[in-house]
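Read off the chains here:
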Amino acid sequence: MDVLERIGKIVNDNPVVVFMKGTPQLPQCGFSSRTAEALMACGKEFAHVNVLADPEIFENLPRYADWPTFPQVYIKGELIGGCDITLEMFQKGDLQKMVAEAVDG
Amino acid sequence: MNIQAVIERKLASDINALHLDVVNESNNHNVPAGSESHFKVVLVSEDFSGKPLLARHRMVNKILEEELQGKIHALALHTYTQAEWQDAFGTAPLSPPCLGGGK
């Protein structure tokens, strides 16, 4: 499977997924850490991909949705944004609603 | 010209900014002294009016495309309209601490 197809499958198979440096339990970057914390605080399950453990995704994710940086959060197949957008949405309460709606339907 | 000055010049020329603050936060990270790797940009502009955050960040990412392709490692980005900036009392969030991860 082509790497962009692989990314597309991950993004579409999981209602909420974060591509991050490290894991939610052991983040390797402050921006990834804060993003995962916000998702955990939403209280629903979410998938994660450690881009440091998958060089092919690390190299190619930026061109998947034309977004140059990590982390990247996708909800229902759509890019939500990186750390700053995710946190701002969390502070406004929008992220919790979107995550709940995506997971619970 | 250093990277910080390039970022300031590009953003100031392409966006009609009421407030532009480019901070080199590299010293907070696991990089040599004097590095220009981690930046925070706070930008207030009516150009953002009616645009969702994703679109605003895409605008800035596009302007800084060359810098983001390897010259800089991290860009914290906080975008406001004038009214949003007033609601935020003129302060943007602090950037997260470094956790030591490479790349």
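Here is a short report on the structure shown in this document.

The rules behind the values
- For every chain, the first residue of its written sequence is number 1, and the numbers climb from 1 along that sequence.
- Chains and ligands are labelled by the order in which they are written, letters from A for the one and numbers from 1 for the other.
- pLDDT decides what is reported in this predicted model: residues at 70 or higher carry local features, side-chain atom pairs at 80 or more are listed and counted, and totals for whole chains, interfaces and linings draw on all residues regardless.
- Computation of side-chain values covers all heavy atoms of the structure but excludes hydrogens and water.
- Axis lines are fitted to C-alpha atoms, over the contacting stretch for helices. Their N-to-C directions set the angle, which ranges from 0 to 180 degrees.
- By definition, any uninterrupted DSSP run of H or I lasting at least four residues is a helix, any uninterrupted run of E lasting at least two residues is a strand, and each is numbered from the N terminus.
- When describing relative orientation, an angle under 35 degrees is termed roughly parallel and one over 145 degrees roughly antiparallel, while 65 to 115 degrees is termed roughly perpendicular and anything else oblique.
- We call two residues in contact whenever any of their non-hydrogen atoms come within 4.5 Å of each other.
- When residues are sorted by character, Ala, Val, Leu, Ile, Met, Phe, Trp, Tyr, Cys and Pro go into the nonpolar class, Asp, Glu, Lys and Arg into the charged class, and all the rest, Gly among them, into the polar class.
- The salt bridge criterion pairs a side-chain nitrogen of Lys or Arg with a carboxyl oxygen of Asp or Glu, the two atoms within 4 Å.
- Only protein chains enter the accessibility calculation, which uses a 1.4 Å probe; a residue is then buried when its area is under 20% of its type maximum, exposed when over 50%, and partly exposed in between.
- Once two parts are joined, some of their accessible surface, as seen by a 1.4 Å probe, is lost; buried area is that loss totalled over both.
- Two N or O atoms count as a polar contact when they lie within 3.5 Å, although within protein this holds only if one can serve as hydrogen donor and the other as acceptor, and sequence-adjacent residues are included solely when both atoms are side-chain atoms.

**Considerations on the packing of helix 1 (residues 3-13) of chain A against helix 3 (residues 55-64) of chain A**
Residues and elements named next belong to chain A.
1) Next: In contact at an axis separation of 10 Å, helix 1 and helix 3 are set at 75 degrees when each is read in the N-to-C sense. Between helix 1 and helix 3, the interaxial angle falls into the category roughly perpendicular. Together, Val3, Leu4, Arg6, Ile7, Gly8, Ile10, Val11 and Asn12 of helix 1 and Glu56, Ile57, Asn60, Leu61, Arg63 and Tyr64 of helix 3 make up the contact between the two elements.
2) Next: A breakdown of the residues in the contact of helix 1 with helix 3 according to their chemical character gives eight nonpolar, three polar and three charged.

**Considering the pattern of salt bridges**
1) Next: Tallied over the full model, the rule gives eleven salt bridges over all chains.
2) Next: The shortest N-O distance in the salt bridge between A:Lys76 and A:Glu101 comes to 3.3 Å. In this pair, A:Lys76 sits in the loop between strand 3 (72-75) and strand 4 (78-81) while A:Glu101 sits in helix 5 (residues 94-104), placing the two residues 25 residues apart along the sequence.
3) Next: For A:Lys76, a relative accessible area of 52% puts it in the exposed group.
4) Next: For A:Glu101, a relative accessible area of 41% corresponds to the partly exposed category.
5) Next: Between B:Lys10 and B:Glu67 there is a salt bridge, with its nearest N and O atoms 3.1 Å apart. Pair noted here: B:Lys10 is in helix 1 (residues 3-14) and B:Glu67 is in helix 3 (residues 65-71), with a separation of 57 residues, a long-range link.
6) Next: You can call B:Glu67 buried: its relative accessible area is 2%.
7) Next: Connected via shared salt-bridge partners are B:Lys10, B:Glu66, B:Glu67 and B:Lys71.

**Brief notes about the side chain of B:Lys10**
1) Next: For B:Lys10, a relative accessible area of 18% puts it in the buried group.
2) Next: Setting aside residues no more than four positions away along its own chain, B:Lys10 makes contact with B:Ile63, B:Leu64, B:Glu66 and B:Glu67.

**Digging into the interface of chain A and chain B**
1) Next: Across the contact, 21 residues belong to chain A and 21 residues belong to chain B.
2) Next: For the pair chain A and chain B, the summed buried area comes to about 1,800 Å², and 63% of that belongs to carbon and sulfur atoms.
3) Next: For the pair chain A and chain B, the number of links is zero salt bridges.
4) Next: Along the contact surface separating chain A from chain B lie four residue pairs in polar contact (both at pLDDT 80 or more).
5) Next: Mapped by element, the contributors of at least two residues to the side of chain A that touches chain B are helix 2 (30-41), strand 4 and helix 4 (83-92) of chain A.
6) Next: For the side of chain A that touches chain B, the leading source of residues is helix 2 of chain A, giving four residues.

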